[in-house]
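Tertiary structure, described
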Amino acid sequence: MILTIARKELTETLRDGRFRWSAGIVLVLLLASLFTSWRYVSTEINERELAKQGERKRWLNQDEKNPHSAAHYGNYAFKPKHLLSTLDDGTDAYTGVAVLLEAHHQNQFEYRKAADATPVQRFGDLTAAVTMQLLIPLLIILTAFSAFTREREQGTLKLLMSLGVPMHQLAFGKLLGVFGALLLILIPATLIGSLVLMQSANLSFEPVRYGAMIGAYLAFFAVWCALALVVSAKATSSQVSLVILLGIWFAQSFLAPKLFIDLAEQRYPLPSRRTFNQQVRNDIRGGIDGHNPADKRRKELEARLLKEYGVDSVQKLPVNFDAIAMQEGEEYTSKVFDKHFGNLYRRYDEQSRFYQWAGVLSPTISIQMLSMAIAGSDFWHHRHFATAAEQYRRMLVKELNMDMAHHSKTGDWEYKAGKALWEKIPAFEYTAPSLTWAIENVAQSLWILAVWLVASLVGLIVSVANISVL
Amino acid sequence: MVFATVALYAIYNGREAIQREQASLLRDAHQRKAFLDSLEQVAKKEEAKLVSLQKPLEPPAWGARHPYFANMRAASTATLPILNLSALSIGQSDLHIKERLIRLDSEQESFEQDESDLRHPLKLKLGEFDFAFVIIYLFPLLILALLFSVMSGEKESGVLSLFGVQPVSLFEIAKRKLLLRAAVLFGVAEVLVLIGVLWSDARLEAGVGRVVLLMLAVLVYGMFWVALVWFVLSFGKSPAVNALILGACWIALLIVLPSALNGLAEMFYPLPSRVKYVDAMREASVEAERRSAKLLEQFYQAHPELAKDTLARDRDFAIKNLLAMEEVLKSVQPVRETFHVRRAQQAEFLKRVQWLSPAIVMKQALNTIVGTSEERYAEFMRQARAFHQQWRRLFEPLIFQRKAFTNYTALPEFQFQEEPIAEIAQRSFSLLMLILIPTGLLTLGAFIRFKTYSIVL
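Residues numbered from 1 in each chain as written. Chains lettered and ligands numbered in written order. Predicted model: local features only at pLDDT ≥ 70, side-chain atom pairs only at ≥ 80, totals over all residues.

A few words now on the overall build of chain A. Looking only at helices and strands, one finds 18 helices and two strands in chain A. On C-alpha atoms alone, chain A measures out to a radius of gyration of 30 Å, which is more than a quarter above the 23 Å that the 2.2 N^0.38 rule sets for 470 residues. If one aligns the C-alpha atoms of chain A with their principal axes, the spans along those axes are about 105 × 45 × 35 Å. (Helix = DSSP H or I, 4+ residues; strand = E, 2+ residues; numbered from the N terminus. Rg over C-alpha atoms; globule rule 2.2 N^0.38 Å.)

Assigned secondary structure in chain B consists of 18 helices and two strands. Intrachain contacts of chain B at a sequence separation of at least 6 include 86% that bridge at least 24 residues. (Contact = placed C-beta atoms within 7 Å.)

In this section: the nonpolar core. For soluble globular proteins, the rule of thumb is that nonpolar side chains tend to be buried together. A:I140, A:I141, A:C225, A:A228, A:L229, B:A217 and B:V229 are the most contacted members of the largest nonpolar core, which has 168 residues in total. Among the elements that line this core, the one with the most residues is helix α9 (residues 207-234) of chain A, at 18 residues. Per-domain counts for this core show at least three residues from each of domain 1 (2-128 + 268-418) and domain 2 (131-256 + 435-451) of chain B. Those residues in contact with A:I141 that lie beyond four places of it in its chain are A:A228, A:L245, A:L246 and A:W249. (Core = buried A, V, L, I, M, F, W, Y, C linked by C-beta atoms within 7 Å. Buried ≥ 20, exposed ≤ 12 C-beta atoms within 10 Å, placed from the backbone. Domains from an automatic or database assignment.)

Let us now look at the environment of A:L457. With respect to the helices, strands and loops of the structure, A:L457 is situated in helix α18 (residues 443-465). Judged by local crowding, A:L457 falls into the partly exposed class, with 19 C-beta atoms found within 10 Å.

Another point: the domain arrangement of chain B. Residue and element names in this part refer to chain B. When the domains of chain B are assigned, the result is domain 1 (2-128 + 268-418) and domain 2 (131-256 + 435-451). Taken together, the contacts link 25 residues of domain 1 with 27 residues of domain 2. Those elements that place two or more of their residues in the side of domain 1 that touches domain 2 are α1 (2-25) and α16 (358-370). At nine residues, α16 tops the list of elements feeding residues into the side of domain 1 that touches domain 2. Grouping the amino acids of the side of domain 1 that touches domain 2 by side-chain chemistry returns 18 nonpolar, five polar and two charged. (Nonpolar A, V, L, I, M, F, W, Y, C, P; charged D, E, K, R; others polar.)

A separate point is the interface of chain A and chain B. Contacts between chain A and chain B engage 59 residues on the former and 57 residues on the latter. In terms of residue count, the dominant contributor to the side of chain A that touches chain B is helix α10 (residues 238-267) of chain A (twelve residues).

As a further point, take helix α11 (residues 239-268) of chain B. Helix length check: α11(B), at 30 residues, gives a terminal C-alpha distance of 41 Å against a target of 44 Å (1.5 Å per residue), a fit within 8%. In the structure, α11(B) departs most strongly from a straight axis at B:A252, where the bend amounts to approximately 40°. (Expected span 1.5 Å × (residues − 1). Bend = angle between axes of the 7 residues up to and from the residue.)

Next up on the list: unusual backbone geometry. Residue and element names in this part refer to chain A. One non-glycine residue, H104, adopts positive backbone phi at about 75°. Residue H104 is classed as partly exposed on the basis of its 13 C-beta neighbours within 10 Å. Even without glycine at this site, Y111 takes up a positive phi of about 65°. With respect to the element layout, Y111 can be found in the loop between β2 (98-101) and α4 (113-116). Since 19 C-beta atoms lie within 10 Å of it, Y111 is described here as partly exposed.

Before going further, it helps to examine the pairing of β2(A). All names here are of chain A. By the alternation rule, side chains of β2 split into A98 and L100 and V99 and L101, which are all buried. Two strands pair when backbone bridges link them, and strand β1 (residues 75-78) and β2 are joined in this way by four bridges, in the antiparallel orientation. Opposite N75, over in β2, you have L101 as the bridge partner. (Pairing = 2+ DSSP bridges.)

By the element assignment, B:I18 lies in helix α1. Distance in space between the C-alpha atoms of B:I18 and B:L88 is 9.2 Å, their sequence separation being 70 residues.

Next up on the list: the environment of B:P60. Residues and elements named next belong to chain B. Tracing the backbone through its elements, the reader meets P60 in the loop between α2 (29-52) and α3 (67-73). Assessed through the 26 C-beta atoms surrounding it within 10 Å, P60 is described here as buried. When the C-alpha positions of P60 and I399 are compared, they lie 9.6 Å apart, and in sequence the two are 339 residues distant. With residues up to four places along the chain from it excluded, the contact list for P60 reads R65, H66 and A404.

This part takes up the confidence of the model for chain B. All names here are of chain B. With 89% of its residues at a pLDDT of 70 or more, chain B shows a mean pLDDT of 83. Averaged over each element, pLDDT in chain B is lowest for helix α7 (residues 152-157) (56) and highest for α16 (94). For this predicted complex, the interface confidence score (ipTM) comes to 0.88, while the overall pTM stands at 0.89. (pLDDT = per-residue confidence, 0-100.)

Let's shift gears to helix α8 (residues 167-198) of chain A. With 32 residues, α8(A) should cover 46 Å at 1.5 Å per step; its first-to-last C-alpha distance of 44 Å lies within 8% of that length. The axis of α8(A) is deflected most strongly, by about 35°, at A:L183.

All names here are of chain B. The side-chain alternation of strand β2 (residues 99-102) yields one buried face, formed by R100 and I102, and one unburied face, formed by E99 and L101. Both strand β1 (residues 76-79) and β2 contribute to a ladder of four bridges, which runs antiparallel. Across the sheet, the residue bridging to S76 is I102, located in β2.

With that out of the way, let us pick up the packing of α11(B) against helix α15 (residues 317-353) of chain B. Residues and elements named next belong to chain B. At a minimum axis separation of 9 Å, α11 and α15 run at an interaxial angle of 140°. The angle between α11 and α15 places the two elements in the oblique class. Relative to α15, the crossing made by α11 is right-handed. Where α11 approaches α15, its residues L261, A265, E266 and F268 are matched on the opposing element by Q346, F349, L350 and V353. (Axes fitted to C-alpha atoms, helices over the stretch in contact; angles between N-to-C directions. Parallel < 35°, antiparallel > 145°, perpendicular 65-115°, else oblique. Left-handed = near helix turned anticlockwise from the far one by under 90°.)

Pasting the structure below:
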């Protein structure tokens, strides 16, 4: 019975010129955005890899110089781009691509793509994610808004009931029909998508992530199908059903995301960049607790070293006191950075958590978070890289300071290290986090979407159980 | 009601964002002056010490009188002031770098470096919930929702054919009903504009001219959507079909077209990768460092009068730095050049096609009027660059000639010259024309169709 109804629904949908046209447009947009972003992402992946190699080559081939000069010359780390960010660019355009790893500072990332773009980009990028989050729900609305209202308006609902068709079967048949119509676009899009992505020979196509993404979107579409049918079953006329659904769509896709990220920001405010930098500087100079200023720390270190080596002046130390003091300074600033960046990251997490809760009101928010996470383009992925880069920076600077400490005497800034030292320091190799890690960050959204799925299906059964025929 | 509430929230929200930005950009002129005075005091002390030791003052040793040192310590900033009115349309200004470091090496080091505020990147991606958003997205929806059934109701109930008997033209009936409802909506929108203006810029510091332009822009944008409804109605379809057509127009003009056009601009004129830029910059700086000894040699060959003092020659890392810097800038110039050319081409392309979507035009117009436009930002960059040149002209000759810097108290400060209102008005008018022309065409089309409107279905 369910299948018969589904087939009838599907045939009707396919005969509808409006559906054919809009489905065609959506498919074209989907493929066009897929292809253009793929071109951009694959060149970007290659260029970042090349730049990374170039940076390493420059590091190895640098002239002989004082290790501290080398520490200031530093190393640029280029954030690798996930191939799947072709589908969902996430926050990549707003987080910067490269960071200079050098002595003393935990630098911020430079060059955000969005800052280079025209104001028109703020209308939204043309990515597969936008098409799937905004346009496909519209297509679902278009297909399903009159599913029940039309039956009622034409009087066929009465007929169906008199035939003794169980209402929940009717509902699921219709659901299947609408979903089936949708699959006619999604299946070719998915296949072409995977073919395009697989073209990226050495650029690791991850079928598991791709599969997870398809799964997440299917659940999201199912929620919309059920939701549209619920409204159609309850609405008094097709026109009312359409207006209500469009209202819900607008509220979920435009108002809710903007509103809740704003509320998250107001609830968990961030310091201004200037305040943040000022606090970091103060803590480095005056000590984290405010009672341990930099010069006092240096004096203590001096006393300790003199005692340890049993000499009475830093000049007589067998090691370079300046280098050791610099390393001590590095370790102290690392603590300060950990404290402040830790606080900052916690704030961001609180904002993200708050925002994810809003998924209860708008499944668009949930799918957005999930989709970015799976595509590897969310803020957590960015921070994962930033943390790894910072670890590398600390290792790099430590190696250079210790070399200077053990191979030169205090006050000797003329000491020069060479290729042997540069080669001793390994290249920065970054391993991207796993899919499980990515999903764990947005577990909240995953659960909320699951609840939406169950709730909308239950809602569908309930709403047709006492459907009015007039 | 909902519309007004959302609009008021948006105004409040934009105002918060702008005040936050303004607070973070606030520079205390007195503090700056006190700081420069204290540097002058330090310099005087150092001088006194040299005099007491009977050492020469020039060439200056590394210290407060050394021009390179002075340039580093007294480094200036060029700040783009934010207008209070900007709260109504944030535009790209949340991504703009409104504060530029002015120092000899700043062009090399932080040319495009970000000093913008700490924000959740998702927030930036989703965009500001400001008044412009309400006007561009929600206002048309409201117009469509309230006007699309203005005609069809009467047609279905048969009252229309009754009207046909009366000596009033059908065109007149449609027009009056539509205009009445539209006038109410426009009234609400304009009142909201006024509230927005007074709430965010109570003292009208941005000038009355901008307020008038703002109200005009909202009116013109609203007129376009009313004309669109009117045109669609003139086909005499059922209300459901009208609703679908109008909804499709909204989606096409606000979502599909802007992102597609921007995508096309990026496809036709791709910006050279920033990664490549960093790469080139690093390569160039290694090269320049390697050649710095040679560069210095060449410099002294060209300026033999400066080469005599061998002690200073050994120490003259400042000259070496400047020469290396120039070298780096010269070699990354082509990458930069391509970048700016392509970026200009993107903007040019969008300018040529923006008439396709009045939403794009409206956004540009609002940004222009409230002072968050690309043009204003570009003007700031131009002025900041000019100020940087002035800074260089001040310090570089001193460094090259090894003269002491004695001018702390007379250092120039950057002051942004606001775009003249006439220019803003002119740019806004030409943008609004791009909305008025399709509005006129739609109205004309509707007029012609209404003449042949069928009374009986």
